[in-house]
Amino acid sequence: MLIEILKHTPLWVYLLFALLLAAGLAQSKDRRLGRVRVSTLPLVMAGLSLYGLVADFGLAWAALVCWTISAAASSVVGLRFASPGAVTWSEQTREFSVPGSWLPLVLMMAIFVMKFAVAVVVARQLPLATESTFVVCVSLGYGLLSGLFLTRTLRVLKAAKDQARLP
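Residues numbered from 1 in each chain as written. Predicted model: local features only at pLDDT ≥ 70, side-chain atom pairs only at ≥ 80, totals over all residues. Heavy atoms only, no water.

**So, the packing of helix 2 (residues 11–27) against helix 5 (residues 103–123)**
To keep things clear, this is the line we draw: To get an axis, fit a line to the C-alpha atoms, keeping to the stretch in contact for a helix; angles then go from 0 to 180 degrees between the N-to-C directions. A run of H or I in DSSP becomes a helix once it reaches four residues, and a run of E becomes a strand once it reaches two; helices and strands are each numbered from the N terminus. Every angle not falling under 35 degrees, over 145, or within 65 to 115 is termed oblique; those three ranges are roughly parallel, roughly antiparallel and roughly perpendicular. Here a crossing is taken to be left-handed if its near helix is turned anticlockwise relative to the far helix by less than a right angle, and right-handed if that turn runs clockwise. Contacts are assigned to residue pairs that have any heavy atoms within 4.5 Å of one another. For this scheme, ten residues count as nonpolar: Ala, Val, Leu, Ile, Met, Phe, Trp, Tyr, Cys and Pro. Four count as charged, namely Asp, Glu, Lys and Arg, and the remainder, Gly too, count as polar.
At their nearest, the axes of helix 2 and helix 5 sit 8 Å apart, and the two run at 165 degrees to each other. Here helix 2 is positioned roughly antiparallel relative to helix 5, judged by the angle of their axes. The two elements helix 2 and helix 5 cross, and the hand of that crossing is right-handed. Contacts between helix 2 and helix 5 involve V13, L16, F17, L20, L21, A23, G24, L25 and Q27 on the former and, on the latter, P104, L105, M108, M109, F112 and F116. For the contact of helix 2 with helix 5, the class distribution of residues is 13 nonpolar, 2 polar and no charged.

Now the structure itself:
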């Protein structure tokens, strides 16, 4: 059955996987980024998870509420307990020096795999796809992953703000 699913998967899905894999690997290396580049990938990934939710379940208010609550809760917890690492901000170059991390790759792959699995369930019209518990769990999962992804960006931006206050 897995071979059949992979045979019927559109080519663009494999290209998206390769793009996400490359982006995630790039995140594992130390780099210098401006504010826009720090924010773009997490916003794209949050958008992808939200798009997946709406594409698979429509504009179901319960799903959107669960996604929002989960994203907000994981962001709040992440901001409270996560460390941005050794992030520095250069006022001269207007760039962050951000240490590499494997977490973005893990989160990207988790969102991708989750979206792929849900798409298979929906495309095969399995009864599970219409059960409210499934919709809620998927919504919470997408929100959790999106919130964790956004947390890293918020921590980097906060680190720069904190450094600006230092004498």
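**A look at the layout of surface pockets**
Our working definition: With a 1 Å grid laid over protein atoms only, a set of points is called a cavity when a 1.4 Å probe fits there but cannot get out and a pocket when it is open yet has protein on both sides within 12 Å along at least five of seven lines; lining residues have an atom within 4 Å of a point. Grid points are joined across faces, edges and corners, and a volume is the space filled by probe spheres set on the points.
Taken as a whole, the largest pocket spans an internal volume of roughly 410 Å³. Residue lining of the largest pocket: 18 residues in total, with P10, V13, F116, A119 and V120 positioned closest to the centre. Contributing elements (two or more residues each) for the lining of the largest pocket: helix 2, helix 3 (35–57) and helix 5. If you tally residues by element for the lining of the largest pocket, the top one is helix 5, at 7 residues. A per-class count over the lining of the largest pocket returns 13 nonpolar, 2 polar and 3 charged.

**Examining the packing of helix 3 against helix 4 (residues 61–81)**
With their axes 10 Å apart at the nearest point, helix 3 and helix 4 run at an angle of 160 degrees to one another. Between helix 3 and helix 4, the interaxial angle falls into the category roughly antiparallel. Crossing angle aside, the handedness with which helix 3 passes helix 4 is right-handed. Residues A46, S49, L50, L53 and V54 of helix 3 form the contact with helix 4, whose own contacting residues are A63, L64 and W67. Split into classes, the residues belonging to the contact of helix 3 with helix 4 amount to 7 nonpolar, 1 polar and no charged.

**Looking at helix 3**
Quick note on the threshold: Take the residue count of a helix, subtract one, and multiply by 1.5 Å to get its expected span. Residue burial is assigned from relative accessible area. The probe radius is 1.4 Å, only protein chains are included, and a residue is buried under 20% of its type maximum, exposed over 50%, and partly exposed in between.
The first and last C-alpha atoms of helix 3 sit 33 Å apart over 23 residues, in line with the 33 Å expected at 1.5 Å per residue. Restricting attention to buried positions, one finds in helix 3 the residues V38, L41, P42, M45, A46, S49, G52, L53, D56 and F57.

**Describing the state of the cysteines**
A covalent bond between the sulfur atoms of two cysteines is what we call a disulfide. Convention followed: Our working definition of a disulfide is a cysteine sulfur pair at a distance within 2.5 Å.
Tallied over the full model, the rule gives 0 disulfides. The cysteine C137 is free of any disulfide, with C66 supplying the nearest cysteine sulfur at 8.9 Å. Classification of C137 by relative accessible area gives partly exposed; the value is 47%.

**With respect to the sheet that holds strand 1 (residues 31–33)**
Note: strands within a sheet are paired through backbone hydrogen bonds, in either parallel or antiparallel orientation. So the rule is basically this: When DSSP finds two or more bridges between two strands, those strands count as paired.
Pairing is antiparallel across the open sheet formed by 3 strands, whose spatial order is 1-3-2. Single-partner strands in this sheet number two, and they are strand 1 and strand 2 (88–90). Neighbour-to-neighbour, the strand axes of this sheet turn through a mean angle of 25 degrees, independent of strand direction. Of the strand pairs in this sheet, strand 2 and strand 3 (residues 95–98) are connected by 3 bridges, and their pairing is antiparallel. Along strand 3, the bridge assignment pairs W89 with F96. On top of the sheet, helix 3 reaches strand 1, strand 2 and strand 3; it is set at about 100 degrees to strand 1, its chief contact.

**Considering the confidence of the model for the protein chain**
The predicted coordinates ought not to be read in detail in places where the model reports low pLDDT. What counts is decided by this rule: Every residue carries a pLDDT, the predictor's confidence in it, which falls somewhere between 0 and 100.
Per-residue pLDDT for the protein chain has a mean of 88; in total, 96% of the residues score no lower than 70. Taken element by element, the protein chain is modelled with least confidence in strand 2, mean pLDDT 83, and with most confidence in helix 2, mean pLDDT 94.

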